[in-house]
Amino acid sequence: TLAEIGLIGLGTMGAALALNIAEKGFPIAVFNRTTEVTRRFHAEAGALAANVIPTESLADLVASLKRPRAIILMVPAGQAVDDQIAALAPLLDKDDLVIDAGNANFHDTNRRAAAGLPMRFLGLGVSGGEEGARHGPSIMGGGLKADWDRVSHILDAISARYQDIPCATWMGEAGAGHFVKAVHNGIEYADMQMIAEIYGILRDGLGHTAGDIGALFAAWNEGVLRSYLVEISAAVSEATDPATGKPMLDVILDSAGQKGTGRWTAIEAQHLATPVPVIEAAVMARNVSARLDERKAGEARFGAAPKRLAGADAPSAATLEQAMIAGKILCYAQGFAMISAASDSFGWSLPLPEIARVWRAGCIIRSDMLNDMASALTENPGRNLILAPDFAARLEATIPALRQVVALGALNGLPVPALASGLAWFDLMRTARGTANMIQAQRDFFGAHGFDRLDGRDIHHGPWGS
Ligand code: NDP
């Protein structure tokens, strides 16, 4: 029998996705650059091996597929994808479909979509890590709707489900799916960083042990903050290192890796002139984290900050929880605003409420709060989330705690860059008469750039000439 679909790249994600597809009853043909990996994959597929056709050349792979063919690429983003497309080109018909399911930069997906490839092409953002790929990821698709429709029955079947509806959605043409995935990853960086900042206050400011912090996060995971990232933060905080018996967190080097998707989001936000300061702060903090020697030299020169919070200075657990709730709302408000800006700029109609829903299960940033965000965005997708009545009320209730936490951090040398950036953005956003009149005056003074006046008079330059 011929396979429904093919897959190239049996690495962490590809192998998991292939097993997921096979398990849902779709015969799948697989190929991997290193043949040994394909053989091992097939040998270890257990009962699912019956639904897997292992192939040892691209020609074999192509010959094993039903027509019109569909082939998923799960190889590293960038050159490897272009190379695979080039290698497949002579083997495929123009109606065959290549699906790039890696973490492509959406500009690359736009470029490929516009390049007039000799086959059809979809860009798929897949979130949820290995576990998600194996048992149900969240899937954000981009390309021609007709091409999406050809494979959507398979994508629906393998994706996560929320209230029985698959978390797999066509977002728009070309790079729309990979764009939404990039913003997802940017928000993921920000959520992780805010948790790490609160962890820092608990560890360094309040002297709590990793185990106590884990218990607190576990408690928060029963409330408004219920989410996959808070859940796993509790789990990693409570884990013990088998080698030393110490808390796992206490033996892990404080230098964070990244593959660049958060950075892409921050860079793209700058291009779109749409502010995502919480995400930018999170990318910045990862970059600083990697500068271990410089940080050591900094501490040697300036001394460790006082840090320890005591007495009236010590924030309660409830204050920290509320600060995180406020930070999370601000971060998502920025992320969704960025998606809106991209719709305008790239001619997409990115479905904001549907994006909140697709992120509800399967992906790394899944959380209960996304339900309420989906509702608020359904009510009015054009309104900034901070102005939706439900979220405005929550911000009114939690901003004082965020203010307290950011102030304590600033006064005591506890770094809270993401939380502080969120607060600074909020304060800018709630100030009707800002200070850019000073910027405009300066620009007019040195560059005769002109300004508009509050009184609407038709006078656009100041008296600074001579
Ligand atoms: P792995 O490193 O585990 O696997 C990479 C796979 O690609 C291997 O099968 C490898 O084959 C193959 N490969 C590497 N280079 C080439 C090449 N030049 N030509 C052909 N095949 C090649 O990566 P992942 O599975 O983690 O990631 C795959 C994609 O999925 C990436 O774009 C990644 O960003 C994305 N992704 C990853 C997630 C994760 O949690 N890991 C989550 C979401 C997306 P070989 O065995 O021969 O080396």
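These numbers come from a predicted model, not from an experiment.

Rules used in this analysis
- Numbering of residues begins from 1 in every chain and follows the order in which that chain's sequence is written.
- Totals for whole chains, interfaces and linings use every residue, but because this is a predicted model, local features are given only for residues with pLDDT of at least 70 and side-chain atom pairs only at 80 or more, for both listing and counting.
- Helix and strand labels come from DSSP, where a helix needs a run of H or I of at least four residues and a strand needs a run of E of at least two; each type is numbered from the N terminus.
- The atom set for the radius of gyration is the C-alpha atoms, and the globule formula is 2.2 Å times the number of residues raised to the power 0.38.
- Exposure criterion: with C-beta atoms placed from backbone coordinates, a residue whose C-beta has 20 or more other C-beta atoms within 10 Å is buried, one with 12 or fewer is exposed, and one in between is partly exposed.
- Working definition of a contact: two residues with C-beta atoms, positioned from the backbone, lying within 7 Å.
- UniProt positions are given in the numbering used here, feature names are shortened, and annotations may be inferred rather than shown by experiment.
- Note: domain ranges come from an automatic or database domain assignment.
- Lines are fitted to the C-alpha atoms to define the axes, a helix being fitted only along its stretch in contact, and any angle between axes, read from their N-to-C directions, falls within 0 to 180 degrees.
- Any angle that is under 35 degrees is reported as roughly parallel, and any over 145 degrees as roughly antiparallel; angles of 65 to 115 degrees are reported as roughly perpendicular and all others as oblique.
- In these notes, a nonpolar core means any group of buried Ala, Val, Leu, Ile, Met, Phe, Trp, Tyr and Cys residues linked to one another through C-beta atoms within 7 Å.
- A residue counts as near a molecule or strand when its C-beta atom, positioned from the backbone, falls within 6 Å of it.
- Only Asp, Glu, Lys and Arg are considered charged, only Ala, Val, Leu, Ile, Met, Phe, Trp, Tyr, Cys and Pro nonpolar, and every remaining residue, Gly among them, polar.
- Two strands make a pair as long as DSSP finds a minimum of two bridges between them.
- By convention, orient the strands away from the viewer: a clockwise path from the first strand over the helix to the second makes the crossover right-handed.
- You can read pLDDT as the predictor saying how much it trusts each residue, on a scale of 0 to 100.

Right, let's talk about the overall build of the protein for a bit. Tallying secondary structure elements over the protein gives 19 helices and ten strands in all. In terms of overall size, the protein behaves like a compact globule, its C-alpha atoms giving a radius of gyration of 25 Å where 466 residues would be expected to give roughly 23 Å. With respect to the principal axes defined by its C-alpha atoms, the protein has extents near 75 × 70 × 45 Å. Within the protein, the fraction of its 466 residues that count as buried is 48%. In the protein, 69% of the contacts between residues at least 6 apart in sequence involve partners at least 24 apart.

Okay, the UniProt feature "binding site: substrate" (unreviewed entry) in the protein next. Cross-referencing UniProt, the feature "binding site: substrate" (unreviewed entry) maps to Asn103, Ser127, Gly128, Gly129, His184, Asn185, Tyr189, Lys259, Arg286, Arg443 and His449 in the present numbering. An extended arrangement is adopted by the annotated residues: their sequence extent is 347 residues, and the largest C-alpha distance between any two is 49.4 Å. Mapped onto the secondary structure, His184 falls in helix 8 (residues 176-205). Among residues more than four places away in sequence, those in contact with His184 are Gly125, Ser127, Trp359, Cys363 and Ile365. Ignoring sequence-local partners within four residues, the contact set of His449 consists of Arg443 and Asp444.

Another aspect to go through is the UniProt feature "active site" (unreviewed entry) in the protein. The sites that UniProt annotates as "active site" (unreviewed entry) are Lys181 and Glu188. For Lys181, the location among the structural elements is in helix 8. Look at Lys181 and you get buried, because 30 C-beta atoms sit within 10 Å. Discounting chain neighbours no more than four positions away, the residues touching Lys181 are Asn103, Gly125, Ser127 and Met140. Position of Glu188 among the secondary structure elements: in helix 8. For Glu188, a count of 22 C-beta atoms within 10 Å gives the class buried. Sequence-distant contacts of Glu188, defined by excluding residues within four places in its chain, comprise Ile364 and Ile365.

Turning to the domain arrangement of the protein, a few remarks are in order. In many analyses, interface size is given as the accessible surface area lost on bringing the parts together. The assigned domain composition of the protein is domain 1 (5-174) and domain 2 (185-429). Domain 1 and domain 2 are separated by 32 Å when their C-alpha centres are compared. When residues in the side of domain 1 that touches domain 2 are grouped by element, the largest group, three residues, is from strand 10 (residues 168-172).

So, about the packing of helix 8 against helix 12 (residues 277-289). Across the interface, helix 8 lies against helix 12 with an axial gap of 8 Å and an inter-helix angle of 70°. With respect to helix 12, the axis of helix 8 lies roughly perpendicular. Residues Gly186, Ile187, Tyr189, Ala190 and Gln193 of helix 8 touch helix 12, and the partners they reach there are Val278, Ile279, Ala281, Ala282, Val283, Ala285 and Arg286.

Counting 141 residues, the largest nonpolar core has Leu17, Ala18, Ile28, Leu73, Ile99 and Leu419 as its most contacted members. When residues are assigned to domains, this core turns out to be shared by domain 1 (5-174) and domain 2 (185-429), each giving three or more. With residues up to four places along the chain from it excluded, the contact list for Leu419 reads Met194, Glu197, Ala323, Gly327, Leu402, Val405 and Val406.

A word on the site of the ligand. Taken together, 23 residues sit near the ligand, with Gly11, Met13, Arg33, Gly102 and Asn103 positioned nearest. The set of elements that each furnish at least two residues to the shell around the ligand consists of helix 1 (12-23), helix 4 (79-88) and helix 6 (129-135). Here the residues of the shell around the ligand are counted per class, giving nine nonpolar, ten polar and four charged.

All right, on to the pairing of strand 4 (residues 70-73) then. Of the two faces of strand 4, both are covered, the one formed by Ala70 and Ile72 as well as the one formed by Ile71 and Leu73. The pairing of strand 1 (residues 5-8) with strand 4 spans three bridges and is parallel. In the strand pairing of strand 4, Ile8 is matched with Leu73. When strand 4 meets strand 5 (residues 97-100), the two strands line up parallel, connected through four bridges. Looking at strand 5, one finds that Leu73 is bridged to Asp100. Considered for its hand, the β-α-β crossover made up of strand 4, helix 4 and strand 5 is right-handed.

Structurally, the position occupied by Thr209 is in the loop between helix 8 and helix 9 (210-220). Taking the C-alpha atoms as reference points, Thr209 and Ser316, 107 residues apart in sequence, are found 16 Å from one another.

Our focus in this paragraph is the confidence of the model for the protein. Chain-level statistics for the protein give a pLDDT mean of 97 and a share of 100% at 70 or above. Both scores are available for the predicted complex, with the pTM at 0.96 and the ipTM at 0.98.

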